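Next come the chains, spelled out residue by residue.
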Amino acid sequence: MKRLEEDVRAVVADVWDAMTGLRLVPGGGAPAWGAGDRAAQVRMTGEGEVHLLVRCDGGLALEAAARMLGRGPASARDSAVADAVRELANIVAGNVRPL
């Protein structure tokens, strides 16, 4: 199970770097939910089920959306931030599925 966790962390880091240019650094445990946090969940079925939750604080979600859109954070609308987090979750899920 440890190897799978390491592989998933690597996929997440690679996807975030490729899509946003942001380098993620693994932290310890999950922090408490904040008021502006964003999350997206992907569920895949088939030869087993995969449930993936991507969650980040509001500031990181805003910065990721702005970078994905090639704009400044001030120009990223709320819907664009939600779309960006969902897109990142979908890409991560697609790369985690073969693991």
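Let me begin by describing the structure that accompanies this report.

A few words now on the overall build of the chain. A tally of regular secondary structure across the chain gives three helices and two strands. Against the globule reference of 13 Å for 99 residues, the chain gives a C-alpha radius of gyration of 14 Å, in line with a compact fold. Burial statistics for the chain: of 99 residues in total, 27% are counted as buried. Sequence separation of at least 24 residues holds for 54% of the intrachain contacts in the chain that already meet a minimum separation of 6. Carbon and sulfur atoms form 52% of the exposed surface of the chain, whose accessible area is close to 6,400 Å².

This part is about the pairing of strand β1 (residues 38–44). The side-chain alternation of β1 yields one buried face, formed by R38, A40, V42 and M44, and one unburied face, formed by A39, Q41 and R43. Bridging between β1 and strand β2 (residues 50–56) involves seven bridges; their strand directions are antiparallel. Each residue of the ladder has a partner; that of Q41, found in β2, is L53. Connecting the antiparallel pair β1 and β2 is a turn made up of five residues, with G46 showing a positive phi of about 145°.

This part covers helix α3 (residues 78–96). Its 19 residues give α3 an end-to-end C-alpha distance of 27 Å, which sits within 8% of 27 Å, the value for a rise of 1.5 Å per residue. Taken residue by residue, α3 has V81, A82, A84, V85, L88, A89, V92, A93 and V96 as its buried positions. The buried residues of α3 occupy one face: seen down the axis, they fall within an arc of 165°. Looking at the buried positions of α3, the neighbouring elements they touch are α1 (2–20), β1, β2 and α2 (58–69).

Moving on, we get to the pattern of salt bridges. Under the criterion given, the structure shown has seven salt bridges. When the shortest N-O distance is used, the salt bridge between E5 and R9 registers 3.3 Å. You can see E5 and its partner R9 sitting in helix α1, four residues apart, about one turn around the helix. E5 sits in the partly exposed class, given a relative accessible area of 39%. Here R9 falls in the partly exposed class, since its relative accessible area comes to 40%. Notably, a salt bridge pairs R67 with E63, separated by 2.7 Å at the nearest N-O pair. Of this pair, R67 and E63 are both found in helix α2, four residues apart, which corresponds to roughly one turn of the helix.

Calculation rules
- Residues numbered from 1 in each chain as written.
- Predicted model: local features only at pLDDT ≥ 70, side-chain atom pairs only at ≥ 80, totals over all residues.
- Heavy atoms only, no water.
- Helix = DSSP H or I, 4+ residues; strand = E, 2+ residues; numbered from the N terminus.
- Rg over C-alpha atoms; globule rule 2.2 N^0.38 Å.
- Buried < 20%, exposed > 50% of the residue type's maximum accessible area, 1.4 Å probe, protein only.
- Contact = heavy atoms within 4.5 Å.
- Areas by Shrake-Rupley, 256 points an atom, 1.4 Å probe, with all protein chains shown as cover.
- Pairing = 2+ DSSP bridges.
- Expected span 1.5 Å × (residues − 1).
- Arc of directions from axis to C-beta.
- Salt bridge = Lys/Arg side-chain N within 4 Å of Asp/Glu carboxyl O.

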